[in-house]
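# Coordinate inspection notes
Next come the chains, spelled out residue by residue.
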Amino acid sequence: TRLAAPRPYPSLGAGFDADADLAGYSYDALARLGAGGPHAALVATDVARTPLSRILEDEEARADAFRPAVARLCLAAAAKRPSVGYCQGLDYVAAFCLKGAAFDEARA
């Protein structure tokens, strides 16, 4: 008898399956989709108060220039996985990803 392959993240249920519908979207499309989504206000609030200069190890003025990129990364992530959405603190992860990708949003 063959065993069925286990379903990933079964506790997420139908929401996990719905995420697959966005698999072909580009980063830019996901960021635009997220900007009009339910998490946009929370992302804006979170990113505005995040100490990016400490995370990016740069002066505050230069770090502030990356706030829009960090916000777009968060919005794209929330749009890509609507079953997860955005949670407070994801902006820190986005900032580290941006730094690790040499500030190339599409690679982050």
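Residues numbered from 1 in each chain as written. Predicted model: local features only at pLDDT ≥ 70, side-chain atom pairs only at ≥ 80, totals over all residues. Heavy atoms only, no water.

## Side note on unusual backbone geometry
The line we're drawing: Segments assigned H or I by DSSP are reported as helices when at least four residues long, segments assigned E as strands when at least two residues long, and all are numbered from the N terminus. Only protein chains enter the calculation, and the probe is 1.4 Å; a residue is then buried if its accessible area is under 20% of its type maximum, exposed if over 50%, and partly exposed in between.
Notably, Ala102 is not glycine yet its phi reads approximately 55 degrees, a positive angle. Inspection of the secondary structure assignment puts Ala102 in the segment after helix H7 (90-100). The exposure class of Ala102 is exposed, given its relative accessible area of 55%. Phi is positive for Phe103, which is not a glycine, with a value near 65 degrees. With respect to the helices and strands, the residue Phe103 is situated in the segment after H7. Residue classification places Phe103 among the partly exposed residues on the basis of a relative accessible area of 29%.

## A closer look at the environment of Arg32
In this fold, Arg32 is placed in helix H2 (residues 27-35). A relative accessible area of 60% places Arg32 in the exposed class. Between the C-alpha atoms of Arg32 and Arg72, which are 40 residues apart in sequence, the distance is 8.1 Å.

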